[in-house]
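# A closer look at the structure
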Amino acid sequence: MATEIREAEQNASVSDSDSGQSDFIETNEIPGKSSNTLLVANDSFEDLSYAELNNTIVASPMGTINSLVKKKAKRSLSLPEREHVEDTVSESEVDDSEVETSEICDDSQVDMIEARVTELSLQETTSQTADAQIPHLMTNTDTDYVNSPEWKRQKKHIFILSESGKPIYSRHGNEDKLVTIMGVMQALVSFVADSNKDTLRSIVAGDHKFVFMTRDHLTFVGVTRGKESTQQMFLQLTYMYNQVISILTHSTLTRIFKQHRNYDLRRPLSGAEKFFDNLLNLMDVEPGLLLTSVRCLPLDSNVRDIVSQTIAQHAKVKDLVFALIIAQNQLVAVVRMKKYYLHPMDLHLILNLINASESFKAAESWTPICLPKFDAAGFLQAHVSYLDEECQTCLLLLSVDIEAFYTLSECKAKIQERLIKYNALAAINNSLKRNSYSIQQCSISDLRHFLYKSRSTAQYTSPELEAPYNTKEEKERLFGLYYYLHDRIHTSGRTLKILFHVGAYETLLGWVTTGFELYAVFGPLVTKMSAIHAVNKLLRWIKKEEDRLFILSSVTF
Amino acid sequence: MSGGKVDIKVVLLGKAYAGKTSLVERYIHNRFLGETVPYQNTIGAAFGAKTVTVNNQNVVIGIWDTAGSERYEAMSRIYYRGAKAAIVCYDLTDKSSFDRARFWIGELQKYEQGCQIYLCGTKFDIIEDNPDLRTVSERDAHALALDVRGENYETSSKTGKDIDKIFTKIAVDYLASKTAHKNEVDADIVELRKHPKKHLCQGCS
């Protein structure tokens, strides 16, 4: 085995092309590999760049949701009276009989939302004119707060502010009290933009990194003294941006600021702070966000097949785009409409939505959600419900039909009934109780923890965190090691294939091929030879378990 | 959105933190979690249903508990469209929530004329303990209710005060309007149906 990997290293250094020549594992043996894609897998960490920010998001008429809705409208054109209705119904006058004609609702809905946003922003200008002056004042309480040890002690700060310097969100502390410091941030950004016609990306000062991202009238600032690299912080800010879009849609966001540069975005975002907080907490404990991939709940493949087939059969409803089951931040099953795929970054927003709110546990819910990678211009409607009493297994049905609630509610009842009947729900619960798997199960001595991402499926697997990584500090330190390893391997311009790093407390091995990414953490005394031997053994173990750890087949409606 | 099995669609509207979700919790599950569970704002809207028996008739009430956050305002119409009754909630201890109630009443009058409005002041237990905390007078609320030909209730989800009363009233009003409507229709229509002949030949029976 050892010779194999050394050969691989040689290959890597000899050949210029990085197209899988260095993979010593034959393609069909890559653990968790599948050509049957379920998630969008082509978006890698290196592609994330400031250049991409200038690519404006496709305007609404071309959006995925719109094309789905148009398709629906076309179907109904065969009914002439419907067409007539479409002509006559104005946005403000909708009578009771409209209940039947769901086809027109989506269009009128958009108009209405537009009208409302205008209304909202007008209210805003009248009521907030007095507040607008605040950024120019420096009050004593502001500076006191920023200098408080509690605020300074935080390892990572994330801020969102508007182009005019208005505070929108701060990870720690009340953004109201951060008006001054946010003003400074905005001044820095606009100074570089105005005087140098350039973009401020990051500042490194001592052990602090300041990372800036300006996008759609919003400025995102991340400040860290943790192990994250600027590129990794940039990814985190991108997630924050996506979260804003998920709540408001890109079209609404741009419209608001087009009308009023001074708009206080906290108003439409009120009640959504928990999504930002939770997303940031998730980033510190969930490697899936860093790896832009998701973790699946370990489940026998035949049980998983039953789950996805049940959904596919009983949720065969037109306009339903995605149906998924998630449990404790892990994916159980996804069924999708033909030709449409879910992006892992969107999936993380869905996981965050469920993870952050207790309110779904009370009753079946019907809520709009925008998935920026799917279509940033519009909302999908999500039917959210839990399938079990303990509220652990959550079913989401995402539709473009705003009127579909009752239909989907019936689907949910049928799915739930079948999953109980086939014992699938019990199997999911058992798997949740078993706590994923222990590193011991891989029976590789001195391997303490690992992350394995299958690139073709955008899914990853990793064992439970066990001793010594069972305290908060140690978990954080382990995460820092992964950040370091990930960064060293992915640094643009000189991406590595294999990295062996001996640290004070651990030895790290990172290995990236076209098929997978592996980050392994060993005890400190492991030699290069035995580490290489161990990862080969690990890959064989993952291969053996792949049916349980990954979703390898994709089911469509 | 009008449900298949639901007889009356009821929608709850009002400012965030007015207590809409607690009201539904009390009505459907007869529990109050406000003291043990921290406040959770509703995301989008939640749906629940309960069957009540009024005048020996079973009526299924479908309740839409909407989110109070402003950003959902734009799409709230999909939640109240076709609603037979709206419970417009305001917090008895929060004056601004009463202004918000006026806003929702305006919306309903503009877009949903067929919807009967029930005004509901929440958190009565708080002002019962300390009358000084009341910021919305019963007189103002009553006047607003009269304006919309509706009624005003002061409820407490914590104690359960008057919660059932609202929903029973909604069911009673619904049945009354249904029979009234039916009678109206009956009055205009002359029935031309022939009385079926009984006792035809045996083979046809």
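Bear in mind that the values here come from a model prediction, so they are computed numbers and not experimental data. (Residues numbered from 1 in each chain as written. Chains lettered and ligands numbered in written order. Predicted model: local features only at pLDDT ≥ 70, side-chain atom pairs only at ≥ 80, totals over all residues. Heavy atoms only, no water.)

## Some thoughts on the packing of helix α8 (residues 230-248) of chain A against helix α9 (residues 250-259) of chain A
All names here are of chain A.
- Direction vectors running N to C along α8 and α9 enclose 90°, while the axes themselves pass 7 Å from each other. By the angle between their directions, the pair α8 and α9 is classed as roughly perpendicular. Residue-level contacts link Y241, V244, I245 and L248 of α8 to H250, T252 and L253 of α9.
- Residue classes in the contact of α8 with α9 are distributed as five nonpolar, two polar and no charged. (Axes fitted to C-alpha atoms, helices over the stretch in contact; angles between N-to-C directions. Helix = DSSP H or I, 4+ residues; strand = E, 2+ residues; numbered from the N terminus. Parallel < 35°, antiparallel > 145°, perpendicular 65-115°, else oblique. Contact = heavy atoms within 4.5 Å. Nonpolar A, V, L, I, M, F, W, Y, C, P; charged D, E, K, R; others polar.)

## Quick notes on the confidence of the model for chain B
Residue and element names in this part refer to chain B.
- Chain-level pLDDT for chain B is 87 on average; 87% of the residues reach the 70-or-more range.
- Ranking the helices and strands of chain B by mean pLDDT puts strand β4 (residues 85-91) first, with 95, and helix α6 (residues 163-188) last, with 83.
- Interface confidence for the predicted complex, expressed as ipTM, amounts to 0.84; the pTM equals 0.84. (pLDDT = per-residue confidence, 0-100.)

## Observations regarding the sheet that holds strand β13 (residues 459-461) of chain A
All names here are of chain A.
- Spatially, β6-β13-β12-β16-β15-β14 is the arrangement adopted by the six strands of the open sheet, whose pairing is mixed. Two strands close off the open sheet at either side, each with one partner strand: β6 (294-295) and β14 (498-502).
- Summarising the sheet, β14 and strand β15 (residues 507-512) pair through five bridges and their orientation is antiparallel. Counted as the bridge partner of L499 is G510 from β15. (Pairing = 2+ DSSP bridges.)

## What to know about the pairing of strand β5 (residues 218-224) of chain A
Residue and element names in this part refer to chain A.
- Most of β5 sits out of view: seven of its seven residues are buried.
- Going residue by residue along β5, you find L218, F220, G222 and T224 tucked away on one face and T219, V221 and V223 tucked away on the opposite face as well.
- Relative to β5, strand β1 (residues 156-162) runs antiparallel, the two being bridged by seven bridges. In the strand pairing of β5, I158 is matched with G222.
- Strand direction decides the pairing type here: strand β4 (residues 208-215) and β5, joined by seven bridges, are antiparallel. Paired with M213 across the bridge in β5 is F220.
- Hairpin connection, β4 to β5: the antiparallel pair is bridged by two residues, and D216 has positive phi, about 50°. (Buried < 20%, exposed > 50% of the residue type's maximum accessible area, 1.4 Å probe, protein only.)

## Quick word on the sheet that holds β5 of chain A
Residue and element names in this part refer to chain A.
- Pairing is antiparallel in the open sheet, where five strands are placed in the order β2-β1-β5-β4-β3. For this open sheet the edge positions go to β2 (167-170) and β3 (202-205), each flanked by a neighbour on one side alone. Neighbouring strand axes in the sheet, compared pairwise and without regard to direction, differ in orientation by 15° on average.
- Contacting β1, β2, β3, β4 and β5, helix α7 (residues 179-196) runs over the sheet at an angle of about 75° to β1.
- Contacting β1 and β2, helix α11 (residues 273-285) crosses the sheet at an angle of about 40° to β2.

## What about unusual backbone geometry?
Residues and elements named next belong to chain A.
- Here the amide bond leading from A467 into P468 is cis, since omega sits at 5°, within 30 degrees of zero.
- Along the chain, the position of P468 falls in the loop between β13 and α18 (472-490).
- In the Ramachandran plot, H217 falls in the positive-phi region, its phi being about 70° despite a non-glycine side chain.
- By secondary structure assignment, the location of H217 is in the loop between β4 and β5.
- Given the relative accessible area of 25%, H217 is considered partly exposed.

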